[in-house]
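Inside the fold
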Amino acid sequence: MPTPFIMPKMDMDQETVVINEWLKSEGDQVEKGEPVILIETDKITSEVEAPASGRLAGVLYGDNEEVTVTQVIAYILGKDETEADLPEQPGKKEPVVEESLPQAQPAAKPERARKSATPVAKRMAEAENIDLEQVPSAGDKITKEDIESYLESLEQVTSRVQTPATPAARRLAMEAEVLLDQIEGTGPGGRVQADDVTAFVAHTAERQLPHKAVFSAGETLPLSRIRKRIAERMTASYQTTPHIYLTVEVDMYEAEQSRKRMNQLSDESLISMTAYLVRVVAWALKRHPFLNAGFEDDQIKLWEDVNIGIATAIDEGLIVPVIHNADQKSIREISQRLRYLAEQARAGALTREEIQDGTFTISNLGMYGIQNFTAIINPPQSAILAVGAIQRKPVVVDDADTIQVRPMMMMTLGADHRVIDGAVAAAFLAELAGALETPEVLLM
Amino acid sequence: MPEITYRQAIHDAMVEEMRRDQRVFLMGEDIGTYGGAFGVSAGMLEEFGPERVVETPISEEAIIGAAAGAAMVGMRPIAELMFMDFIFLAMEPLVNQAAKARYMFGGKATVPMVVRLPSGSGTGAAAQHSQSLETILMHIPGIKVVAPSTPYDAKGLLISSMRDLNPVCFVEHKLLYKIKGEVPIEEYAIPLGLADIKREGRDITIVASGIMIHKSLDAAEILNEDGISVEIVDPRTLRPLDVDTIAKSVKKTGRLLVVHEAVKTAGWAGEVMASVSETSSWDYLDTPMRRLTGKDVPIPYNRHLEAAAVPQVDDIVREVLAMVNNQY
């Protein structure tokens, strides 16, 4: 009958033992008293000797497995015995008597490992309870460095800090009120550096500028169709039309108040200042037909309709959707129409009709903080109104030289002198300014 | 301004102060006829006689003990040790007596003494005669530690050290003795505890002292060709440490490298870095603070290994490049 190889109990209170390494493999010839297994307990590393001479068979546990003590872990086959003689259910505990335990003696550290490792690496692996088989190694032997990087790879650090960043980057991000996790770090391990924050902030600022070009400096661009058309028309207009420019400054207090009241009266969509302006300009144009006229083929044509174009910046350039019959529309209709046209313009979905037959153009750069500018007339029209920002500034409001802070706005009218003389233009502009300052005149 | 050596600057400071103040005297081994292990006191015996240039037995404990006692009773001793390494033999009188007396006697006793300590490697003097032990001295409250890098600083700081009412350990790197620099003829003193910017720059701050100032300056020249602008701060006095000047520089450059010859572990580079991180300059750091120091080994005798054991110009260049290129 094969001799059972029993895992000895090394200490009084010991329950399990870890097989460090089998020094013999299944089928190897062993001599009684020869070390067969290196085991590890809480305290020491020991060798377990063969309980008998013969062939090692029926090994039930492999390297690094934890075994309950006093349990059969293998058998030693006698001279004429084969695997067929092994008990039916290997692994089933057999009653063991104390005196049959093989002698276990404290031994030196393992002298050889299945996977070649340096002595330091072996010692470290032992101390850290690492299976050397699991340690990746580039060289022939597992080294101290291999063990260290393996240990590091096992480490899963959960940090309170989500985004690695230098202190300087953190400070800059806080000052610029941007979130670090939005910023791509270029430092080691994706660490956000100060430069990354600066670049991110600069980039974001650029994007926030309306209609920022996605072009880079140094690039040469062929003219798009729309740019080509703008170039042709503006050049022609500037070269052939004798422009005169008149500027007026308007106190927008009443206009602002009036618009505010209108918006308070209704929950419907808000009325924009541009819509307000279009409405008043349309009223003024009706009273000054030469401003709503065209110069074509040496003739001046006074148009019946008042169709006001609104210069609108889009990514590709400039487009001028038109509010047709602006003089017949309510402010609310104008405002809604403007919003719709602006959306269509940005989506590139304006129809031919929506940009045709303009009789007068308003260009407003107030939202960019521009105070005052001049615009080029859009032929065959004969006038264009350039509108600046409303700015609160001190002005003299009466004959007693009282100074008040008022919301002031500059408007510059560009007019075709072939159609409109200075006095005509001035009369229009004065009436327009007056209507903005005293909205009641529209009712008179 | 005439150019003189670092050795001459220290010599001049002692001689001028001894002429000015009768209480000042020098004691040490072989400082008389022989002129000192590094020739600093050459000619002083002739001028001041054996009463004021005192040759001592070979006992560092006796030298420092006697100096501390003399200082407490109103003299102004300068004690020279042949090598800084021997300070361990005199730690008891220095640390437990000299450093404590003024405090323990409520200010009634003062200990105005200077201990001059030739330090550092580079002379092939091996492990027991090449150490940079300034950190150990910096750790002791009651001792001031001065480590000048130029003849100008050496003279001005030694004058202030001799006039200070506390024990001052004056660390002289051996390789500095032959370095030349401009020193004014007229009397001047440099206050203790003030750092000096040895080179202005914008990309990185190097804090260094002693011989490492000169290596850093050489490295800065090389780096300048790559367009990297290095600022070099010399604390000059290691204790008390002028954290303000260092922190200000770090705020400007956003990077800090501390270079010293003393070994890394528990070296004063760590003290500088920790101090900076306690200031508002922390928020301006854009790369981890780094230190380039002597290796954690005794200084080897073999001259190649000796050179490899402490930072050299190439090491500083490499470290700065890695830092400014965000490789850490």
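Since this is a predicted model, take the numbers as computed values, not measurements.

Here we take up the overall build of chain B. Looking only at helices and strands, chain B has 11 helices and 14 strands in total. Buried positions account for 59% of the 328 residues belonging to chain B. A total accessible area of about 13400 Å² is found for chain B, and carbon and sulfur atoms account for 54% of it.

Another point: the interface of chain A and chain B. With 10 residues of chain A at the contact, the number on the chain B side is 10 residues. Of the roughly 770 Å² buried where chain A meets chain B, counting both sides, 49% is carbon and sulfur surface. For chain A, the biggest contributors to the area lost against chain B are P167(A), R171(A) and R191(A); these three give 54% of the whole. The interface formed by chain A and chain B includes 0 salt bridges. Between the two partners, chain A and chain B, sit 8 residue pairs in polar contact (both at pLDDT 80 or more). Mapped onto the side of chain A that touches chain B, the elements with two or more residues apiece are α3 (167-176) and α4 (194-208) of chain A. In terms of residue class, the side of chain A that touches chain B is built from 5 nonpolar, 2 polar and 3 charged.

Right, let's talk about the packing of aromatic side chains for a bit. For any pair of aromatic rings, geometry is given as the distance between the ring centres together with the angle between the planes. All names here are of chain B. According to the stated counting rule, one finds 7 aromatic pairs over all chains in the structure shown. Taking 6.0 Å as the distance between ring centres and 65 degrees as the angle between the ring planes, the aromatic pair formed by Y6 and Y177 counts as edge-to-face. With Y6 in helix α1 (residues 6-20) and Y177 in the loop between β7 (168-173) and β8 (180-182), the pair connects residues that are 171 residues apart, well separated along the chain. Residue classification places Y6 among the buried residues on the basis of a relative accessible area of 0%. Ring geometry for Y152 and Y188: centres 4.6 Å apart, planes at 10 degrees, overall stacked. Remark: Y188 occurs in the loop between β8 and β9 (196-199) and Y152 occurs in helix α6 (residues 151-163); sequence separation between them is 36 residues. Relative accessible area serves as the criterion here: at 33%, Y152 is assigned to the partly exposed category. Under the relative-accessibility criterion, Y188 is labelled buried at 12%.

The next subject is the side chain of R171(A). With respect to the helices and strands, the residue R171(A) is situated in helix α3. According to the relative accessible area criterion, R171(A) is buried, its value standing at 14%. From its side chain, R171(A) meets the backbone oxygen of D283(B) in a polar contact 2.8 Å long. Leave out the neighbours within four places in its chain, and R171(A) touches D283(B) and Y284(B).

A grouping of E145(A), E148(A), E152(A) and E155(A) is seen on the molecular surface, where their side chains present a negatively charged patch. Summarising the element assignment, E145(A) is placed in helix α2 (residues 144-154).

This part covers the sheet that holds strand β11 (residues 230-234) of chain B. Residue and element names in this part refer to chain B. Here we have 5 strands laid out as an open sheet, ordered β9-β11-β10-β13-β14, and mixed in their pairing. Strands with a single pairing partner mark the edges of an open sheet, and in this sheet they are β9 and β14 (290-294). Within this sheet the neighbouring strands show an average axis-to-axis angle of 25 degrees, counted without direction. As defined by bridge partners, β9 adjoins β11 across 3 bridges and the pair is classed as antiparallel. When the sheet's bridge partners are listed, D196 is paired in β11 with D234. Seen against the sheet, helix α7 (residues 211-225) touches β9, β10 (204-208), β11 and β13 (256-263) and runs at an angle of roughly 170 degrees to β11.

Moving on to the pattern of salt bridges. Residues and elements named next belong to chain B. One pass over the structure, following the stated rule, counts 28 salt bridges over all chains. Between E80 and R116 there is a salt bridge, with its nearest N and O atoms 2.9 Å apart. Placement of the pair is E80 in strand β4 (residues 76-80) and R116 in strand β5 (residues 114-119), with a sequence separation of 36 residues. On the basis of relative accessible area, E80 is assigned to the buried category, the value being 4%. Residue classification places R116 among the buried positions, given a relative accessible area of 0%. We note a salt bridge from R199 to E221, for which the minimum N-O separation is 2.8 Å. With R199 in strand β9 and E221 in helix α7, the pair connects residues that are 22 residues apart, well separated along the chain.

This part is about a nonpolar patch on the surface. Residue and element names in this part refer to chain A. On the surface, a cluster of nonpolar side chains totalling about 240 Å² of accessible area is made up of F290, I300 and L302. Turning to its location among the elements, I300 is positioned in strand β12 (residues 299-302). Among the residues examined, I300 registers a relative accessible area of 39% and is labelled partly exposed.

Going from P379(A) to P380(A), the amide bond is cis rather than trans, its omega being 5 degrees. Residue P240(B) is reached from R239(B) by a cis peptide bond, and omega for that bond is 0 degrees. The residue A126(B) is not glycine, and still its phi comes out positive at about 65 degrees. Within the secondary structure layout, A126(B) lies in the loop between β5 and α5 (134-138).

The next subject is the side chain of T166(A). Summarising the element assignment, T166(A) is placed in the loop between α2 and α3. Under the relative-accessibility criterion, T166(A) is labelled buried at 2%. For T166(A), the residues in contact, after removing those within four places along its chain, are R191(A), V192(A), Q193(A), A194(A), L285(B), D286(B) and T287(B).

A separate point is the pairing of β14(B). In this sheet, β14(B) lies alongside β13(B) in parallel orientation, the contact comprising 4 bridges. Of the residues in β14(B), the one forming a bridge with V263(B) is G294(B).

Moving on, we get to helix α11 (residues 313-324) of chain B. All names here are of chain B. The first and last C-alpha atoms of α11 sit 17 Å apart over 12 residues, in line with the 16 Å expected at 1.5 Å per residue. Of all the 12 residues making up α11, 9 are buried; the element is thus mostly covered by neighbouring parts of the structure. For α11, the complete set of buried residues consists of V313, D315, I316, V317, E319, V320, A322, M323 and V324. In this structure, the buried side of α11 is in contact with β10, α7, β11, β13 and β14. With its phi angle positive at about 55 degrees, N326 sits one or two positions after the end of α11.

Next up on the list: the sheet that holds strand β3 (residues 29-30) of chain A. Residue and element names in this part refer to chain A. Strand order across the open sheet formed by 4 strands is β1-β8-β6-β3, with antiparallel pairing between neighbours. The sheet is open, and its two borders are formed by β1 (3-6) and β3, each paired with just one other strand. Pairing geometry for β1 and strand β8 (residues 72-77), over 4 bridges, is antiparallel. Looking across to β8, one finds that F5 is bridged to A74.

This paragraph deals with α2(A). Residue and element names in this part refer to chain A. The set of residues buried in α2 consists of D146, I147 and Y150. The arc that holds every buried residue of α2, seen down its axis, measures 95 degrees, which confines them to one face. Buried residues in α2 make contact with α1 (119-128).

Core analysis: the largest hydrophobic core is formed by 60 residues, its most contacted members being I10(B), I206(B), V230(B) and V320(B). A total of 7 residues in this core trace back to one element, the largest contributor, which is α1(B). Non-local contacts of V320(B), meaning those with residues more than four positions away in its chain, are made with I204(B), I206(B), L223(B), I228(B), V230(B) and L257(B). Core analysis: the second largest hydrophobic core is formed by 51 residues, I244(A), A282(A), L385(A) and F428(A) among them.

The rules behind the values
Residues numbered from 1 in each chain as written. Chains lettered and ligands numbered in written order. Predicted model: local features only at pLDDT ≥ 70, side-chain atom pairs only at ≥ 80, totals over all residues. Heavy atoms only, no water. Helix = DSSP H or I, 4+ residues; strand = E, 2+ residues; numbered from the N terminus. Buried < 20%, exposed > 50% of the residue type's maximum accessible area, 1.4 Å probe, protein only. Areas by Shrake-Rupley, 256 points an atom, 1.4 Å probe, with all protein chains shown as cover. Contact = heavy atoms within 4.5 Å. Buried area = accessible area lost by both parts, 1.4 Å probe. Salt bridge = Lys/Arg side-chain N within 4 Å of Asp/Glu carboxyl O. Polar contact = N/O pair within 3.5 Å; in protein donor to acceptor, adjacent residues only side chain to side chain. Nonpolar A, V, L, I, M, F, W, Y, C, P; charged D, E, K, R; others polar. Phe/Tyr/Trp six-rings, centres within 6.5 Å; stacked < 30°, edge-to-face > 60°. Patch = residues over 30% accessible without salt bridge, like charges linked within 9 Å, V, L, I, M, F, W, Y side chains within 5 Å. Lys, Arg positive; Asp, Glu negative; His and termini not counted. Charge placed at Lys NZ, Arg CZ, Asp CG, Glu CD. Pairing = 2+ DSSP bridges. Axes fitted to C-alpha atoms, helices over the stretch in contact; angles between N-to-C directions. Expected span 1.5 Å × (residues − 1). Arc of directions from axis to C-beta. Core = buried A, V, L, I, M, F, W, Y, C linked by side-chain atoms within 4.5 Å.

Coordinates in, geometry out; function isn't part of it.
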